[in-house]
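Fold and contact review
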Amino acid sequence: KVEPRALTYVANQLARNSSIYFVACSYGNFDIITAVHFLNIEILTEFINSELVKINGILSTETMVLSSPRKYYNFCWQPLAFKKVKNGWHRYFDASPSYNNFPLDQVDRNILSFLMEDGLTRPATIKSKLGIGESTVRKRMKRMQNNEVFKIVAVPNPELLEDEVWATMGITINKRPAHEVLNAIVKHPEVYLASVSIGRFNLVIAVRFGNIDFLNRFVTIDLPAIDGVSYVETFLHNLQYSAQRRC
């Protein structure tokens, strides 16, 4: 939530922050929706309590941690499986065939940072900025792509597609496991992000529709028809400031 007169200022400040890869003004309980990615919860906590609080105009923030993602554009993952033991829960890695534990070193992460800024960045450009051989960059890119560390996809500019509607949704579920509900939700091609969430909502999804009528049908007919969905809150994006990582 932000002060009404500070909306544009706050949105621009957030879009310039290198830790934030998505910023959009929103209709709903939130004035601005942002998305961030950090290596661990400690860095996220530091970001919220040290960086966000310094931006003038922000009245309050609410964090929803996407703890178990199932879909992000062309990436899809099976739910992590767990078994209960005497002292808690253990993860069944072998029961989750899509679980990817491909090791990344700092060079890999640096290469990814350039690709997240521009997926068509040439290896020759990356090697000159990192000070490593072009053949090394090519080999690492090919290895990461073969292991599904990244994919190159086209993300349309919402400002040029005037009739399209983008939204983030928080979903509360009841009497059904979260991943069973997500199994039904991710089948809809309009859903480009879906995850189990820690926070006010059990699930968080992001959608893109050709027009507002299709979104209305999804919210009022398709989602309520899924067993386990008890409440849906929609945050309609009315102005998008950023949809990529700035390095």
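Just so it is clear, the structure is predicted and the values come from calculations on it, not from any experiment.

A look at the pairing of strand β8 (residues 191-198)
Counting buried positions along β8 gives seven out of eight residues, so the element sits mostly inside the fold. Two elements, strand β3 (residues 65-72) and β8, share six bridges in a ladder whose sense is antiparallel. Paired with V65 across the strands is I198, a residue of β8. In the sheet, β8 pairs with strand β9 (residues 203-209) via five bridges, with the strands oriented antiparallel. Pairing of S195 across the sheet is with V204, part of β9. From the end of β8 to the start of β9, which pair antiparallel, there are four residues, and G199 there has a positive phi angle of about 145°.

Points about the pattern of salt bridges
Should the charged atoms of two oppositely charged side chains come close, the side chains can pair. In the structure shown here, the tally under the stated rule is nine salt bridges. Between K1 and D31 there is a salt bridge, with its nearest N and O atoms 3.9 Å apart. Of the two residues, K1 sits in the segment before α1 (7-15) while D31 sits in the loop between β1 (20-27) and β2 (32-36), which places them 30 residues apart along the sequence. The structure contains a network of salt bridges with shared partners spanning D105, D108, R140 and R143.

Remarks on the packing of aromatic side chains
For the structure on display, the rule yields eight aromatic pairs. Here F38 and F47 contribute two aromatic rings whose centre-to-centre distance is 5.3 Å and whose plane-to-plane angle is 45°, an arrangement assigned as tilted. Given the relative accessible area of 4%, F47 is considered buried. The interplanar angle of 25° and the centroid separation of 5.0 Å between the aromatic rings of Y73 and Y192 together place this pair among those described as stacked. Here Y73 is found in the loop between β3 and β4 (75-76), whereas its partner Y192 is found in strand β8, with 119 residues between them in sequence. On the basis of relative accessible area, Y73 is assigned to the partly exposed category, the value being 24%. Ring-pair connections join several aromatic residues into one group, and the members of that group are Y72, Y73, W166 and Y192.

Section: the packing of helix α4 (residues 123-130) against helix α5 (residues 134-146)
Remark: α4 packs on α5, axes separated minimally by 8 Å, with the N-to-C direction vectors making an angle of 115°. Here α4 runs over α5; the crossing is right-handed. Listed contacts from α5 to P123, A124, I126 and K127 of α4 are E134, V137, R138 and M141. For the contact of α4 with α5, the residue count by class is five nonpolar, no polar and three charged.

The rules behind each value
- Residues numbered from 1 in each chain as written.
- Predicted model: local features only at pLDDT ≥ 70, side-chain atom pairs only at ≥ 80, totals over all residues.
- Heavy atoms only, no water.
- Buried < 20%, exposed > 50% of the residue type's maximum accessible area, 1.4 Å probe, protein only.
- Helix = DSSP H or I, 4+ residues; strand = E, 2+ residues; numbered from the N terminus.
- Pairing = 2+ DSSP bridges.
- Salt bridge = Lys/Arg side-chain N within 4 Å of Asp/Glu carboxyl O.
- Phe/Tyr/Trp six-rings, centres within 6.5 Å; stacked < 30°, edge-to-face > 60°.
- Axes fitted to C-alpha atoms, helices over the stretch in contact; angles between N-to-C directions.
- Left-handed = near helix turned anticlockwise from the far one by under 90°.
- Contact = heavy atoms within 4.5 Å.
- Nonpolar A, V, L, I, M, F, W, Y, C, P; charged D, E, K, R; others polar.

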